[in-house]
Amino acid sequence: MTLNDLDDEHRPTFTTGQAADILGVEQPFLRSLDTAGVVSPERSGGGHRRYSRHQLGQASRMRALFDEGMNLNAAQRILALEYELDEARREIAALRRRLEEPPDGASADT
């Protein structure tokens, strides 16, 4: 592992026990999210689940949606829609930056 790996939010770092402690949930909750296909943690050489920070964020959001009374299907759909909205916002921001750039060959101070 390198120092750059510490910044990778998709690096599978946390065991099920560590993830459960961080999120304040029981380990069976995390296993149920894996079974439902909400998060798919990687497996260690010994077959143990390893969660990334990104997956912990997804699990945390699912827990919050469950606490708000959503069922599994509704919570999964909301999570998917939130992801699509974030992607659309990033794309819009990139397009706005491109529109603000001066045309090729044009001086920025004209």
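As shown above, the structure is provided for reference.
Report on the accompanying structure. (Residues numbered from 1 in each chain as written. Predicted model: local features only at pLDDT ≥ 70, side-chain atom pairs only at ≥ 80, totals over all residues. Heavy atoms only, no water.)

Things to note about the sheet that holds strand E3 (residues 49-51)
The strand order across the open sheet formed by three strands is E1-E3-E2, and the pairing between neighbours is antiparallel. With partners counted over all chains shown, the strands left at the sheet margins are strand E1 (14-15) and strand E2 (42-43), one partner each. Here two bridges tie E2 to E3, and the two strands are oriented antiparallel to one another. Following the sheet pairing, arginine 43 is matched in E3 by arginine 49. Contacts from helix H4 (residues 53-67) reach E1 and E3 within the one sheet, and its direction differs from that of E3 by about 85°. (Pairing = 2+ DSSP bridges. Helix = DSSP H or I, 4+ residues; strand = E, 2+ residues; numbered from the N terminus. Contact = heavy atoms within 4.5 Å. Axes fitted to C-alpha atoms, helices over the stretch in contact; angles between N-to-C directions.)

Regarding the layout of surface pockets
In this structure, the largest pocket encloses a volume near 230 Å³. Looking at the largest pocket, the residues that line it are His54, Gly57, Gln58, Arg61, Gln76, Leu79, Ala80, Glu82, Tyr83 and Asp86. Elements with a minimum of two residues in the lining of the largest pocket: H4 and helix H5 (72-100). For the lining of the largest pocket, the element with the highest residue contribution is H5, accounting for six residues. Partitioning the lining of the largest pocket into residue classes produces three nonpolar, four polar and three charged. (1 Å grid on protein atoms, 1.4 Å probe; cavity = no way out; pocket = protein on both sides within 12 Å on 5 of 7 lines; lining within 4 Å. Points joined across faces, edges and corners; volume = space filled by probe spheres on them. Nonpolar A, V, L, I, M, F, W, Y, C, P; charged D, E, K, R; others polar.)

Some details on the packing of aromatic side chains
Within this structure, the stated rule accounts for one aromatic pair. Ring geometry for phenylalanine 29 versus phenylalanine 66: centroids 6.0 Å apart, planes at 85°, classification edge-to-face. Separated by 37 residues along the polypeptide, phenylalanine 29 in helix H3 (residues 27-35) and phenylalanine 66 in helix H4 bring together distant segments of the chain. On the accessibility criterion, phenylalanine 29 (11% relative accessible area) is buried. Between the NZ or CZ atom of arginine 63 and the centre of the ring of phenylalanine 29, over which it lies, the distance is 4.9 Å. (Phe/Tyr/Trp six-rings, centres within 6.5 Å; stacked < 30°, edge-to-face > 60°. Buried < 20%, exposed > 50% of the residue type's maximum accessible area, 1.4 Å probe, protein only. Lys NZ or Arg CZ within 6 Å of the ring centre and 35° of its normal.)

Points about the pattern of salt bridges
For the structure shown, the criterion picks out five salt bridges. For arginine 63, the salt bridge is made with aspartate 67, and the minimal N-O distance between the two is 3.1 Å. Placement of the pair is arginine 63 and aspartate 67 together in helix H4, with a separation of four residues, close to one helical turn. Arginine 63 gets classed as partly exposed once you look at its relative accessible area, which sits at 30%. Residues joined in a network through salt bridges with shared partners are Asp34, Arg43 and Arg49. (Salt bridge = Lys/Arg side-chain N within 4 Å of Asp/Glu carboxyl O.)

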